[in-house]
Amino acid sequence: MKLTENFTINELTYSVTAQANNIDNRPSVEVIANLKALCENVLQPLRNHLGCPVIVTSGYRCSELNKKIGGKQNSQHLKGQAADFVVPQKCLKEVFNYIKTTLPFDQLLFETCKGDSWIHVSFCQNGYNRHQAVENYPV
Ligand SMILES: [Zn+2]
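Residues numbered from 1 in each chain as written. Predicted model: local features only at pLDDT ≥ 70, side-chain atom pairs only at ≥ 80, totals over all residues.

K.L.:
Could you clarify how one ought to interpret the overall build of the chain in this entry?
P.N.:
Each helix and strand in the chain was counted, giving five helices and seven strands. In terms of overall size, the chain behaves like a compact globule, its C-alpha atoms giving a radius of gyration of 14 Å where 139 residues would be expected to give roughly 14 Å. Burial analysis of the chain (139 residues in total) assigns 32% to the buried set. Across the chain, contacts joining residues at least 24 apart in sequence account for 67% of those joining residues at least 6 apart. (Helix = DSSP H or I, 4+ residues; strand = E, 2+ residues; numbered from the N terminus. Rg over C-alpha atoms; globule rule 2.2 N^0.38 Å. Buried ≥ 20, exposed ≤ 12 C-beta atoms within 10 Å, placed from the backbone. Contact = placed C-beta atoms within 7 Å.)

Okay, here's the thing in structure tokens:
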């Protein structure tokens, strides 16, 4: 099922770890609404601007999955409000700066771990978006 033109529920809920450990990572109606808001307000406008694939590496995580991968207890991934992604065809720092200066978001983090970098972005559909951007977020 499509959330927006270029993003599906499948890619926003897919997890290698969940599959490998038989974790049921199916989203609730509320989570789907949050994922849709994230795609409509941030990911799809970004995709439209870039004109190339935005690859989501982690979207929604049920609590079991979040625990398994060592996610923070209050992670916005648990509510479907956050996604981690990469853009193989673009400079990720430039993508980060584009979002920071142009798009609405709650939290925007440039995360690096063991030589890999990705962007974490969150959006709250019913509430205050902090517009907090951190360029070198410790993972
Ligand atoms: Zn994240």
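That covers the picture; the talk isn't over yet.
K.L.:
Just to check I follow, could you spell out the sheet that holds strand 3 (residues 55-58) for this structure?
P.N.:
The pairing of strands in a sheet happens through backbone hydrogen bonds and is either parallel or antiparallel. Spatially, the five strands line up as an open sheet ordered 3-4-6-5-7, and their pairing is mixed. The sheet terminates laterally at strand 3 and strand 7 (132-137), the two strands that pair on one side only. Pairs of neighbouring strands in the sheet enclose a mean axial angle of 30°, with direction left out of account. As judged from the three bridges shared by strand 3 and strand 4 (residues 82-86), these two strands associate in the antiparallel manner. When the sheet's bridge partners are listed, Ile55 is paired in strand 4 with Val86. Its contacts with the sheet put helix 5 (residues 92-102) on strand 4, strand 5 (107-113), strand 6 (116-122) and strand 7, and the angle it makes with strand 6 is roughly 15°. (Pairing = 2+ DSSP bridges. Axes fitted to C-alpha atoms, helices over the stretch in contact; angles between N-to-C directions.)

K.L.:
Got a minute to help me understand the environment of Tyr98 in this structure?
P.N.:
Position of Tyr98 among the secondary structure elements: in helix 5. Once the C-alpha coordinates of Tyr98 and Leu50 are considered, the two residues, 48 residues apart in sequence, prove to be 9.8 Å apart.

K.L.:
What is the right way to read the pairing of strand 6 from this model?
P.N.:
Within a regular strand, the side chains alternate between the two sheet faces. Burial analysis of strand 6 places five of its seven residues in the buried class, which makes it a mostly covered element. As paired strands, strand 4 and strand 6 are joined by four bridges and run antiparallel to one another. Opposite Ala82, over in strand 6, you have Ser122 as the bridge partner. Pairing of strand 5 with strand 6 involves seven bridges; the strand directions are antiparallel. Its bridge partner being in strand 6, Leu108 is matched across the sheet by Val121. The turn joining strand 5 and strand 6, which pair antiparallel and follow one another in sequence, is formed by two residues; a positive phi near 50° is taken by Lys114.

K.L.:
Would you mind going over the environment of Val56 with me for this structure?
P.N.:
Within the secondary structure, Val56 sits in strand 3. Val56 gets classed as buried once you count the C-beta atoms within 10 Å, which come to 23. Along the backbone, Val56 and Tyr14 are 42 residues apart, and their C-alpha atoms lie at a distance of 9.2 Å. Among all residues touching Val56, those that are not within four sequence positions of it are Glu11, Leu12, Ala83 and Phe85.

K.L.:
Whenever I open this one, the nonpolar core confuses me. Can you help?
P.N.:
Proteins that are soluble and globular tend to have nonpolar side chains buried together. One finds Leu12, Leu35, Leu38, Val42, Leu43, Ala83 and Val121 to be the most contacted residues of the largest nonpolar core, which totals 28 residues. Only helix 1 (9-13), helix 3 (29-50), strand 4, helix 5, strand 5 and strand 6 provide two or more residues apiece to this core. The greatest single-element share of this core, amounting to seven residues, is contributed by helix 3. Among residues more than four places away in sequence, those in contact with Leu43 are Phe7, Leu38, Val54 and Ala83. (Core = buried A, V, L, I, M, F, W, Y, C linked by C-beta atoms within 7 Å.)

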